[in-house]
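Chains, contacts and geometry: an overview
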Amino acid sequence: MTPPTPEHPRFTPVADHALLVEFADVIGEEAHAAVLRLDAALADRSCPGFIEAIPAYVSLLVDFDPLATDHSLVERHVRQVLERAVEVVHRPTLHEVAVCYETPFAPDLDAVSRRTGLSLEAVINAHLAGTYQVYMYGFAPGYAYLAGVPTSIQLDRKPAPVRGIAAGSVLIAGPQCIVTTLTMPTGWWVIGRSPAKILTGDAGKPVLFEVGDRIRFHRISADDLAVQARGTGVHG
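Residue indices follow the written sequence of each chain, beginning from 1 at its first position. Given that the model is predicted, a residue must reach a pLDDT of at least 70 before its local features are reported, and side-chain atom pairs must reach 80 or more before they are shown or counted; all residues, however, enter totals for whole chains, interfaces and linings. Excluding hydrogens and water, the side-chain values take into account all heavy atoms of the structure.

Some details on unusual backbone geometry
Along the chain, Thr103 connects to Pro104 via a cis peptide bond; the corresponding omega equals 5°. A run of H or I in DSSP becomes a helix once it reaches four residues, and a run of E becomes a strand once it reaches two; helices and strands are each numbered from the N terminus. Relative to the elements of secondary structure, Pro104 occurs in the loop between β5 (94-100) and α3 (109-116). At Phe139, a residue that is not glycine, the phi angle is positive and equals roughly 70°. Within the secondary structure, Phe139 is located in the loop between β6 (132-137) and β7 (144-147).

What follows is the structure, encoded as structure tokens:
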């Protein structure tokens, strides 16, 4: 288990209905493992008024009914659960996700190549070689934040976002990667397009990936993208 520190875990009330439990100030595997441990422990041993727990990179938001409990009682319960929490034996699903890196689906590939000093093929191969894990969902429906972008192609975000980035775009920024589900603006680098249908339309399992799952990308042509996009309903 991740040993506690004088600063962590840190408990912060959020509005009148949630408690934020933070395990670190920077992204790391140990902190995220602690998040998953607490998430599993609360699912097994919830407290009165508990609604849901929402995992992030290094924190867990515990949402509760303020008419049934309060911050201090929830914090006391979380502390008790943490004392008994055990290692989570997680058996992640490995998902194969297709990506097309061809024009016009990779408008920032040239820029990433210039900024990293790598050839276009080297950038693509680096992205394909990454080991990706789903750390959290956020920002927009189905936006699964994947950690694991190789250091050789890690770039800061753009100075300003670009509008109208299509659903299915494959984005990178720093150590993170996302396959978008909506047409939205972004300041991340667009290096490809995927036909993956992450929003499933199934109320019982609305998203394709679970937090902790692994992702492996494989390359497809523009023709294959068109065929697969028609099959999944994702716009090409």
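Side note on the nonpolar core
Buried Ala, Val, Leu, Ile, Met, Phe, Trp, Tyr and Cys residues that are joined via side-chain atoms within 4.5 Å together make up what is termed a nonpolar core. Burial classification: accessible surface area is computed with a 1.4 Å probe over protein chains only, and a residue below 20% of its type maximum counts as buried, one above 50% as exposed, and the rest as partly exposed. If you look at the biggest cluster of nonpolar residues, it comprises 35 residues, and the most contacted ones within it are Val21, Phe23, Leu38, Leu42 and Val78. Breaking this core down by element, the ones donating at least two residues are β2 (18-22), α1 (29-44), β4 (59-64), α2 (71-84), β6, β7 and β9 (169-173). Looking at this core element by element, the count peaks at 6 residues for α1. Judged by nonpolar contacts, the second largest core, of 28 residues, contains Val97, Val99, Ile153 and Cys177.

Considerations on the pairing of β5
Each regular strand carries side chains that alternate between the two faces of the sheet. Extensive coverage of β5 is indicated by the burial of 5 of its 7 residues. The rule for pairing is simple: two strands pair if DSSP sees at least two bridges between them. In this sheet, strand β13 (residues 214-220) lies alongside β5 in parallel orientation, the contact comprising 7 bridges. Across the sheet, Glu96 pairs through a bridge with Arg216, a residue of β13.

Digging into the packing of α1 against α2
For helices, the fitted axis covers only the stretch in contact; all axes are lines through C-alpha atoms, and the angles between them, taken along N-to-C directions, range from 0 to 180 degrees. The contact between α1 and α2 brings their axes to 10 Å, and the two run at 110°. The angle between α1 and α2 places the two elements in the roughly perpendicular class. For the pair formed by α1 and α2, the contact residues are Leu38, Ala41 and Leu42 on the first element and His77, Val78, Val81 and Leu82 on the second. Any residue outside Ala, Val, Leu, Ile, Met, Phe, Trp, Tyr, Cys, Pro, Asp, Glu, Lys and Arg is labelled polar, Gly included; the first ten of those are nonpolar and the last four are charged. When the residues that make up the contact of α1 with α2 are grouped by side-chain class, the tally is 6 nonpolar, 1 polar and no charged. Under this scheme an angle from 65 to 115 degrees is roughly perpendicular, one under 35 degrees roughly parallel, and one over 145 degrees roughly antiparallel; angles in between are oblique. Pairs of residues are marked as contacts when any of their non-hydrogen atoms sit within 4.5 Å.

A short note on the pairing of β13
Where β6 meets β13, 2 bridges bridge the pair, whose relative direction is antiparallel. Its bridge partner lying in β13, Gln133 is registered against Arg214.

Overview of the packing of aromatic side chains
Here a Phe, Tyr or Trp ring, Trp counted by its six-membered ring, pairs with any other such ring whose centre lies within 6.5 Å, and the pair is stacked when the planes are under 30 degrees apart, edge-to-face when over 60, and tilted otherwise. Evaluation of the coordinates by the stated rule reveals 5 aromatic pairs. Considering the side-chain rings of Tyr57 and Tyr135, the 5.2 Å spacing of their centres and the 45° angle between planes classify their relative orientation as tilted. Here the residue Tyr57 occupies a position in the loop between β3 (50-55) and β4, and Tyr135 occupies one in strand β6, the gap between them amounting to 78 residues. Residues Tyr57 and Tyr135 agree in their burial class; the two are buried. Arranged with centres 5.1 Å apart and planes meeting at 75°, the rings of Tyr132 and Phe217 form a pair that is edge-to-face. With Tyr132 in strand β6 and Phe217 in strand β13, this pair connects stretches of sequence that are 85 residues apart. Since its relative accessible area comes to 0%, Tyr132 is described here as buried. Residue Phe217 is classed as buried on the basis of its relative accessible area of 3%.

So yeah, pure geometry; function would need other evidence.
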